[in-house]
Amino acid sequence: MPVNILMPALSPTMEKGNLAKWLKKEGDKVKPGDVIAEIETDKATMEYEAIDEGTLAKIVVPEGTQDVPVKALIAVLAEEGEDVKAAAAGAGTGAPAAKAAPTAKPASAAPSPRVDDGVSARLSPPTRSAPAVSEAAPARAAPQAPAASVSPPGQAEGIRTNRVFSSPLARRLAKEAGIDLARVQGSGPHGRVIARDVEAAKSGRGLAAPAIAAAGTVAPTVQAPTDEKIRALFEPGSYEAVAHDNIRKVIARRLVEAKLTIPHFYLTLECNIGKLVAAREEINAAASKDKDGKPAYKISVNDFVIKALALALQRVPDANVTWTEGAMLRHKHSDIGVAVSIPGGLITPVVRQAEQKSLSVISNEMKDFAARARARKLAPHEYQGGTSAVSNLGMYRIKEFYAIINPPHATILSVGAGEERAIVRNGKIEAAHMMTVGLATDHRAVDGALGAVLLGAFKTLIENPVMMVV
């Protein structure tokens, strides 16, 4: 029986992918573990592995094709002993659904999660051996990364029709628990809500935001102007239309979701980083060097910021949280996402258990993340999840700004440039090395007073860096 090979959902945000390259051609034998193609997701280039044995009967989507929808048929595999020509002839004309799925991993990188692409695609937690990393050792599922599922006809992502596809048991459990099935994300066949989805919803996982306003009426939707209306404002030929790539589309969608669904609240503090600057110079000067004279590490101000935020979240555990409709998730570790600029957008790799790592470990980990992020070689588990984030524009001499919260986080720290400024101390004006930081909080989870306590804890640590190593 032929096996359909479908475009997988390699990350929770992926809706389409680019088929960059086929590494097998029609008629080639394929065995489990063979890399058959390279696929560009919204964040990285992934290798696509087969887990079935057979012959590649038909390539439906040629290499170089962009914006291939998730779950679209891209190739057909004829099983051992099956008529290859017959399998190829049936491609796209009702051929059976995939019985088993290929796996995908970042090109030239360590293996990443397997993908079950039969009835519903999902990312299994990765297994790795790094003992100091929370999601890198006993990997846990990222809060915002539930199993990706196939939406029923007419049901786009984030939009539900009046009919809820669910099992009888799921409906009974939801009724007993008082849960609105329309808000439960289904992981069954074709997005069907099943019993385990309702059980997950009881603890706040897999619940969509309510579609009904507080007054009981349908909340009004904001309709952006159409492309045609925008273009009509400009003289024809006075601009160049540059098509959006996948990463820009995903960034745009997630930022709109964040601003529309998260009530942002902003706080600001100025920090005296004179002691930090001196400590940084001393630490870097003491770094051991290899035979080529290359230092073992080079600590940046941002490395201190990551460490200070991680420790501050441990000191203020009520702020180290994620909001869900059913419960507040209070995290045991500080997993800090760090915004990294890449061509066409940005990505936020996560330093896991940053509160337990030394500055040198954080520094080297961030250098590796940044290099692989710009080469689009990060695996999904390296940039998904996290409990808070840092966005630093100090290198651009920006004094003060406020970043948009990156779901599922409840906070994000914005870091401005460190510079000498005039301050008043004991009635006298003197120069000091100052840095402005801003904190945006999800006011549902971290209100103004709690955010102020968190920012105060950060200020204490960043102004007294010796406290980060005791």
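Per chain, residues are indexed from 1 in the order of the written sequence. Given that this is a predicted model, residues contribute local features only at a pLDDT of at least 70 and side-chain atom pairs are listed and counted only at 80 or more, while totals for whole chains, interfaces and linings are drawn from all residues. In computing side-chain values, all of the structure's heavy atoms are included and hydrogens and water are not.

Here we come to the sheet that holds strand E19 (residues 428-442). A pair of strands is labelled paired if DSSP reports no fewer than 2 bridges between them. Numbering goes from the N terminus for both helices and strands, where a helix is a DSSP run of H or I of at least four residues and a strand is a run of E of at least two. In spatial order, the strands read E10-E19-E18-E17-E13-E16; together these six strands make up an open sheet with mixed pairing. Here the strands that pair on one side only, and so sit at the sheet edges, are strand E10 (264-272) and strand E16 (350-351). Note that E10 and E19 share nine bridges and pair antiparallel. Residue pairing in the sheet places His 264 in a bridge with Asp 442 of E19. Note on definitions: a residue-residue contact is assigned when non-hydrogen atoms from the two residues lie within 4.5 Å. Every axis in this analysis is a line fitted to C-alpha atoms, fitted for helices over the stretch in contact. Angles between the N-to-C directions lie between 0 and 180 degrees. Seen against the sheet, helix H9 (residues 448-463) touches E10, strand E18 (411-425) and E19 and runs at an angle of roughly 25 degrees to E10.

As a further point, take the packing of aromatic side chains. Here is the rule: rings of Phe, Tyr and Trp (six-membered ring for Trp) pair when centre to centre is within 6.5 Å. Planes less than 30 degrees apart are stacked, more than 60 are edge-to-face, and the remainder are tilted. On inspection of all chains with the given rule, the structure shows two aromatic pairs. For the pair Phe 234 and Tyr 239, a centre-to-centre distance of 6.4 Å together with 75 degrees between the ring planes defines the contact as edge-to-face. Buried, partly exposed and exposed residues are distinguished by accessible area as a fraction of the type maximum, computed with a 1.4 Å probe on protein chains only: under 20%, between the cut-offs, and over 50%, respectively. On the accessibility criterion, Tyr 239 (38% relative accessible area) is partly exposed. Geometrically, the ring pair formed by Tyr 266 and Tyr 402 is tilted, given 5.0 Å between the ring centres and 55 degrees between the ring planes. Residue Tyr 266 is found in strand E10, and its partner Tyr 402 is found in the loop between strand E17 (388-392) and E18; the two are separated by 136 residues along the sequence. Given a relative accessible area of 36%, Tyr 266 falls into the partly exposed group. Residue class for Tyr 402 comes out partly exposed when judged on its relative accessible area of 34%.

Moving on, we get to the confidence of the model for the chain. Reading predicted coordinates in detail is not appropriate for stretches of low pLDDT. Summing up the model confidence of the chain, the mean pLDDT is 81 and the portion of residues at 70 or higher is 79%. Predictor confidence is given residue by residue as pLDDT, running from a minimum of 0 to a maximum of 100. Low pLDDT (under 50) marks residues 94-101, which in the prediction has 19 contacts with non-local residues, meaning those over four places away or in another chain.

Quick look at the pairing of strand E4 (residues 35-40) now. In this sheet, E4 lies alongside strand E2 (residues 16-22) in antiparallel orientation, the contact comprising four bridges. Bridge pairing in E4 links Leu 19 to Ile 39. Across five bridges, the pairing between E4 and strand E5 (residues 45-49) is antiparallel. The residue of E5 that forms the bridge with Glu 40 is Thr 45.

So, about the side chain of Glu 365. With respect to the element layout, Glu 365 can be found in helix H8 (residues 359-374). Not counting chain neighbours up to four residues away, the residues in contact with Glu 365 comprise Val 350, Val 351, Arg 352 and Lys 357.

A word on a nonpolar patch on the surface. Excluding any residue in a salt bridge, patches collect residues exceeding 30% relative accessible area, merging like charges within 9 Å and nonpolar Val, Leu, Ile, Met, Phe, Trp and Tyr side chains within 5 Å. Accessible areas in this description were obtained via Shrake-Rupley with a 1.4 Å probe; residue shielding takes into account the shown protein chains only. In what follows, salt bridge is the name for a side-chain nitrogen of Lys or Arg lying within 4 Å of a carboxyl oxygen of Asp or Glu. Residues Ile 230, Leu 233, Phe 234 and Tyr 239 make up a contiguous nonpolar surface patch of roughly 420 Å² in combined accessible area. Examined against the element boundaries, Leu 233 turns out to sit in the loop between helix H4 (227-231) and helix H5 (246-261).

Contact pair helix H7 (residues 301-315) / H8: the axes reach a minimum separation of 9 Å and the direction vectors enclose 115 degrees. When the axes of H7 and H8 are compared, the crossing they make is right-handed. Contacts from Asp 303, Phe 304, Ile 306 and Lys 307 in H7 reach Leu 359, Ile 362, Ser 363 and Met 366 in H8. Throughout this entry, Asp, Glu, Lys and Arg are counted as charged residues, while Ala, Val, Leu, Ile, Met, Phe, Trp, Tyr, Cys and Pro are counted as nonpolar. The remaining residues, Gly among them, count as polar. Of the residues in the contact of H7 with H8, the class split is five nonpolar, one polar and two charged. Helix crossings are classified by the rotation of the near helix relative to the far one: an anticlockwise turn of less than a right angle makes the crossing left-handed, while a clockwise turn makes it right-handed.

A few words now on the sheet that holds strand E1 (residues 3-6). Hydrogen bonds between backbone groups are what pair the strands of a sheet, and the pairing can be parallel or antiparallel. If you trace the four strands from one edge of the open sheet to the other, you get E1-E8-E6-E3, paired in antiparallel fashion. One side of each edge strand has no neighbouring strand; the edge strands of this open sheet are E1 and strand E3 (29-30). Where E1 lies against strand E8 (residues 73-79), four bridges are found, and the strand directions are antiparallel. Bridge pairing in E8 places Leu 6 opposite Leu 73.

Think of a nonpolar core as a cluster: buried Ala, Val, Leu, Ile, Met, Phe, Trp, Tyr and Cys residues, connected wherever their side-chain atoms sit within 4.5 Å. Residues Val 305, Ile 336, Met 366, Leu 413, Val 437, Phe 458 and Ile 462 are the most contacted members of the largest nonpolar core, which totals 51 residues. No other element matches H7, which puts nine residues into this core. Setting aside chain neighbours within four positions, we find Val 305 in contact with Val 390, Leu 413, Val 415, Met 435, Phe 458 and Ile 462. Counting 22 residues, the second-largest nonpolar core is a separate cluster that includes Ile 5, Leu 10, Ile 36 and Tyr 48.

Those residues of helix H2 (residues 168-177) that fall on the buried side of the exposure criterion are Ala 170, Leu 173 and Ala 174. All buried residues of H2 fall inside an arc of 100 degrees around its axis, so they share one side. In H2, those exposed residues whose orientation departs by more than 90 degrees from the buried face are Pro 168, Lys 175 and Glu 176. Just downstream of H2 lies Gly 178, where phi reads positive at about 70 degrees. Summarising the geometry, the arc corresponds to the directions from the helix axis toward the C-beta atoms.

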